[in-house]
Amino acid sequence: MRRHGRPLLRDIRRTRAWPVLAACVIVIAELGLLLREQAHPDRLDSVVDTAMVASFRSHQGVLPWLALPGSTVPLIAVSIAIAIGCLVARRANGVILAVTAVPVTAFLDDTVLKHLVDRTHFGQLSFPSGHTASAMTLATVLGVLLHDPARETATRVARAALVVVACAVTALAAVGVIGLRWHYFTDTVGGVALGTGTVLTLAFLIDLVPDAMRSRGIRSCIARWSAVAVHDDFRHEERL
C-alpha cells in the first residue's frame, strides 16, 4: 500500500466541505441550546412525529427494519466492507476514515452530546439520535471516498447512486426511530449533522498528516543540506 494516497478532500471538494462542516456545527449548537433539558417535543416535533407515528400505525413490524442500519452489527459490517474496498484501492487514508468514523461519532453522541444537552424521550437521553448519526456517518464516508471530480466519468453515475442510496437509508433509519418513538424529529436532524460533521472533521485531520510529514521531511532535508554545507566549509578552511 502506498504510504500517501490522494487526499480525502482536495480542490473543489475541500472548498465545499468547509461550509457544510460549519453548517453542521451551527445546527448542533443551536438545537442543543434550544432543546437543552427538555423532556417533551417542540412544535415541529409534535407535527412531524404525530404524522410519522400515524402513518406507520398499521405497519409497526416494518419500523425495526427501517431502524436496523443504525444498529451495531450492520454498522460494523459496512465499515469493514468500506475498509476492505479502500485496501484493494490502496487508499490507506480511506481505511483509517472507514474504521474510525463510526466509533468517533458514537463517542461524541453517547458520551458527550447526549449528557451535555440532557434532552430526554420517555426518560432516555435522546439528542442527537445515535442510529441516525451512525447511518449518516457511513453515508458521508461513502460520499467523501466516492465523490471525486478528478476521477473518470465512466463510473460517476454509479458512485453518485451509491451515495444517494446510503443517504436514503439514513432517512429511513430516521423514520424508523421516530415511528418507534425512540426519538423526536429534531433528534434525527441533530444526528444527521453530527454524522456529517464528524466525518468531514476526520477527513480534514487525516489529510493534515501527510502534509505535516512532507513538511517535516522538507525541513529535515534542509537541515541535512545545511549541515553538509557547513562541514564542507570547515574542511575548505582547514585546507587553506
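Because the structure is predicted, anything quoted here is derived from the model rather than measured.

Considerations on the overall build of the chain
Okay, step 1: Per the secondary structure count, the chain includes 8 helices and 2 strands.
Okay, step 2: The N-to-C order of helical and strand elements in the chain reads α-α-α-α-α-β-β-α-α-α.
Okay, step 3: Taking all 240 residues of the chain together, the buried fraction comes to 40%.
Okay, step 4: Residue pairs at least 24 apart in sequence account for 81% of intrachain contacts in the chain once pairs closer than 6 positions are excluded.

Brief notes about the side chain of aspartate 207
Okay, step 1: Take aspartate 207: it is sitting in helix α8 (residues 185-239).
Okay, step 2: The exposure class assigned to aspartate 207 is buried, which follows from its relative accessible area of 5%.
Okay, step 3: Separated by 2.8 Å, the side chain of aspartate 207 and the backbone nitrogen of leucine 8 make a polar contact.
Okay, step 4: The residues contacting aspartate 207, other than those within four sequence positions of it, are Pro7, Leu8, Leu9, Arg14 and Asn93.

Some thoughts on the nonpolar core
Okay, step 1: Within the largest apolar cluster, 29 residues are counted, with the highest numbers of intra-cluster contacts made by Leu8, Leu9, Ile82, Leu97, Val141 and Val144.
Okay, step 2: Residue assignment for this core shows that the elements contributing at least two residues are α1 (12-35), α4 (72-88), α5 (92-117), α6 (130-146), α7 (156-179) and α8.
Okay, step 3: Ignoring anything within four residues of it in the chain, the contact list for leucine 97 reads Leu8, Val141, Val144, Val199, Leu202, Ala203 and Ile206.

Remarks on a nonpolar patch on the surface
Okay, step 1: On the surface, a nonpolar cluster with roughly 390 Å² of combined accessible area is contributed by Ile76, Ile80, Ile84 and Val88.
Okay, step 2: One can find valine 88 in helix α4.

Digging into the pattern of salt bridges
Okay, step 1: Within this structure, the stated rule accounts for 6 salt bridges.
Okay, step 2: Two residues, aspartate 110 and lysine 114, come together in a salt bridge whose shortest N-O distance is 3.8 Å. Of this pair, aspartate 110 and lysine 114 both sit in helix α5, 4 residues apart, which is roughly one turn of the helix.
Okay, step 3: For lysine 114, a relative accessible area of 10% gives the class buried.

Here we look at the environment of alanine 29
Okay, step 1: With respect to the helices and strands, the residue alanine 29 is situated in helix α1.
Okay, step 2: It is 9.2 Å that separates the C-alpha atoms of alanine 29 and glycine 190, two residues lying 161 residues apart in sequence.

Structural notes on helix α2 (residues 43-55)
Okay, step 1: Relative to the 18 Å expected for 13 residues at 1.5 Å per residue, α2 spans 19 Å between its end C-alpha atoms, a close match to the ideal helical length.
Okay, step 2: Of the residues making up α2, those classed as buried are Asp45, Val48, Asp49, Met52 and Val53. All buried residues of α2 project into a common sector of 125 degrees when viewed along the axis, lining one side. Residues of α2 that are exposed and point over 90 degrees away from its buried face: Arg43, Val47 and Thr50.
Okay, step 3: Two or three places before leucine 44, at the opening of α2, aspartate 42 has a side-chain oxygen 3.3 Å from that residue's backbone nitrogen.

Regarding the packing of α5 against α6
Helices that pack against each other are described as a pair by the angle of their axes relative to one another and the distance between those axes.
Okay, step 1: It is the contact of α5 with α6, at a shortest axis distance of 10 Å, that shows an interaxial angle of 155 degrees. The angle between α5 and α6 falls in the class roughly antiparallel. For the element pair α5 and α6, the recorded crossing hand is right-handed. Facing Gly94, Leu97, Ala101, Val102, Thr105, Asp109 and Lys114 of α5, the residues of α6 in contact are Gly130, Ala133, Ser134, Thr137, Leu138, Val141, Val144 and Leu145.
Okay, step 2: For the contact of α5 with α6, a count of residues per class yields 8 nonpolar, 5 polar and 2 charged.

What about the packing of α4 against α5?
Okay, step 1: Where α4 meets α5, the axes come as close as 8 Å, and the angle between the chain directions of the two elements is 170 degrees. Taken together, the axes of α4 and α5 are roughly antiparallel relative to one another. Facing α4, whose interface residues are Leu75, Ser79, Ile82, Ala83, Cys86 and Leu87, α5 presents Gly94, Val95, Ala98, Val99 and Val102.
Okay, step 2: Of the residues in the contact of α4 with α5, the class split is 9 nonpolar, 2 polar and no charged.

Calculation criteria
- Residues numbered from 1 in each chain as written.
- Predicted model: local features only at pLDDT ≥ 70, side-chain atom pairs only at ≥ 80, totals over all residues.
- Heavy atoms only, no water.
- Helix = DSSP H or I, 4+ residues; strand = E, 2+ residues; numbered from the N terminus.
- Buried < 20%, exposed > 50% of the residue type's maximum accessible area, 1.4 Å probe, protein only.
- Contact = heavy atoms within 4.5 Å.
- Polar contact = N/O pair within 3.5 Å; in protein donor to acceptor, adjacent residues only side chain to side chain.
- Core = buried A, V, L, I, M, F, W, Y, C linked by side-chain atoms within 4.5 Å.
- Patch = residues over 30% accessible without salt bridge, like charges linked within 9 Å, V, L, I, M, F, W, Y side chains within 5 Å.
- Areas by Shrake-Rupley, 256 points an atom, 1.4 Å probe, with all protein chains shown as cover.
- Salt bridge = Lys/Arg side-chain N within 4 Å of Asp/Glu carboxyl O.
- Expected span 1.5 Å × (residues − 1).
- Arc of directions from axis to C-beta.
- Axes fitted to C-alpha atoms, helices over the stretch in contact; angles between N-to-C directions.
- Parallel < 35°, antiparallel > 145°, perpendicular 65-115°, else oblique.
- Left-handed = near helix turned anticlockwise from the far one by under 90°.
- Nonpolar A, V, L, I, M, F, W, Y, C, P; charged D, E, K, R; others polar.

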